[in-house]
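Below are the chains, spelled out letter by letter.
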Amino acid sequence: IVETFGIESRNHNLHRLGVLPAEIQRIRSMDFKDRGALILGPSGMGKTVFLNALLSETNLKENQYLYFSDHPSTKLDNVSLIELDDERQQLQALSAANLSSFDGVVLDGIHPTELGSCARIAGNQTLFASLTANPIFPTLSTLEKQGDSLGFLLNKFHFIIFTKLVPSLCPYCAQPHRVSNDEIIQLGLKPESFKKPFFYFAEGCDYCENRGYIDFSMIYEFLHLTPQVLKLLQENPVGNEMAMHLLKSGSLVPIKNIARDKLYKGQISLETYLQVLQKKI
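Please read these numbers as outputs of a predicted model, since none were measured by experiment.

Remarks on the overall build of the protein chain
Stage number 1. On a plain count of helices and strands, the protein chain comes out with 12 helices and 10 strands.
Stage number 2. At 20 Å, the protein chain has a C-alpha radius of gyration in line with the 19 Å of a compact globule built from 281 residues.
Stage number 3. Each principal axis of the C-alpha atoms in the protein chain carries an extent, and together these give about 65 × 45 × 35 Å.
Stage number 4. Counting across all 281 residues of the protein chain, residues that qualify as buried make up 52%.
Stage number 5. Long-range pairs, those at least 24 residues apart, make up 70% of the contacts in the protein chain between residues at least 6 apart in sequence.
Stage number 6. Split by element, the accessible area of the protein chain, about 13,900 Å² in all, is 48% carbon and sulfur.
Stage number 7. Taking the 27 positively charged and 30 negatively charged side chains of the protein chain as two groups, their mean positions are separated by 7 Å.

Concerning the pairing of strand 6 (residues 157-169)
Stage number 1. Of all 13 residues in strand 6, 13 are buried, a share of seventy percent or more.
Stage number 2. In the sheet, strand 6 pairs with strand 9 (residues 213-224) via 11 bridges, with the strands oriented antiparallel. Across the sheet, residue lysine 164 finds its bridge partner in strand 9, namely isoleucine 219.

Notes on the nonpolar core
Stage number 1. By size, the foremost hydrophobic cluster in this structure holds 49 residues, and its most contacted members are Phe50, Leu54, Phe128, Phe159 and Phe194.
Stage number 2. The contacts of phenylalanine 194, once residues within four sequence positions are left out, are Ile184, Leu189, Phe199, Leu263, Tyr264, Leu270 and Tyr273.
Stage number 3. Grouped together as the second largest cluster of nonpolar side chains are 39 residues, Leu40, Leu94, Leu115 and Leu230 included.

Points about the confidence of the model for the protein chain
Stage number 1. For the protein chain, per-residue confidence averages 87 on the pLDDT scale, and 94% of positions sit at 70 or higher.
Stage number 2. Highest mean pLDDT in the protein chain belongs to strand 1 (residues 36-41) (96); lowest belongs to helix 4 (residues 93-96) (72).

A closer look at the pattern of salt bridges
Stage number 1. One pass over the full model with this rule turns up four salt bridges.
Stage number 2. Here glutamate 57 ties to arginine 28 by a salt bridge, and the two come within 2.6 Å at their closest N and O atoms. Residue glutamate 57 is located in the loop between helix 3 (47-55) and strand 2 (65-69), and its partner arginine 28 is located in helix 2 (residues 21-28); the two are separated by 29 residues in the primary sequence.
Stage number 3. Taking the relative accessible area as the measure of exposure, glutamate 57 reaches 8% and is therefore buried.
Stage number 4. One salt bridge connects glutamate 235 with lysine 231, and the closest N-O pair in it is separated by 3.1 Å. Placement of both glutamate 235 and lysine 231 in helix 9 (residues 227-235) is noted, with a separation of four residues, approximately one turn of the helix.

Definitions and cut-offs
- Residues numbered from 1 in each chain as written.
- Predicted model: local features only at pLDDT ≥ 70, side-chain atom pairs only at ≥ 80, totals over all residues.
- Heavy atoms only, no water.
- Helix = DSSP H or I, 4+ residues; strand = E, 2+ residues; numbered from the N terminus.
- Rg over C-alpha atoms; globule rule 2.2 N^0.38 Å.
- Buried < 20%, exposed > 50% of the residue type's maximum accessible area, 1.4 Å probe, protein only.
- Contact = heavy atoms within 4.5 Å.
- Areas by Shrake-Rupley, 256 points an atom, 1.4 Å probe, with all protein chains shown as cover.
- Lys, Arg positive; Asp, Glu negative; His and termini not counted.
- Charge placed at Lys NZ, Arg CZ, Asp CG, Glu CD.
- Pairing = 2+ DSSP bridges.
- Core = buried A, V, L, I, M, F, W, Y, C linked by side-chain atoms within 4.5 Å.
- pLDDT = per-residue confidence, 0-100.
- Salt bridge = Lys/Arg side-chain N within 4 Å of Asp/Glu carboxyl O.

Here is the structure:
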């Protein structure tokens, strides 16, 4: 089930979007004077909402940005908005604009094939970009195959995040349910892989119109592009072996870990968690 996640002022908060404290702390410790962020995800899955929340952070909201978007619904006060049409001709304004008047450039909703050329035109400006794209490593492979230099592109960003929205349990009808080992096994999971034996489910009520959820929570994978990570990505093939190395080092936070955290907190159901593991959602 997919519904539009509206761009409202109340959504301009990373915590409310469901970004976990560890990643919020990392983001707030970053200096965005020369490097920005790369946001990936399917269409309608929270990229723009995350981008707006990021630009509303205390260390960014006083800056001014030249903001290109193919769906200009932003309500930010610190942007000069340029709407992109189907031909994307407005992106040519990057080469003619007086970028010294801005603290950074925002490219919201561009295609992966446009990232390299736009990054070159933006020059030394701080760059924030959202792409309708796959998870982090498949996207990096795609960028590499189309001839873009990963070293050049990744040096533009502090981090990469891949976002998705999943149903968040209705707090008015959510109930704890103690799950037996047999039930967990029937779901194709291992009982010993869980810390506790009970989770939450929602049958539906008048408040949530019997859907069992009233909102959406963001799950994501997050790659912190430290100097060490940048060096590894520039000198080694992008693939599963690299991903495993970054997982072990703590630089890469996988989407299943975020979903599990929200499962334990009672924000999503065991069924939703299973769909995340099976890549059905």
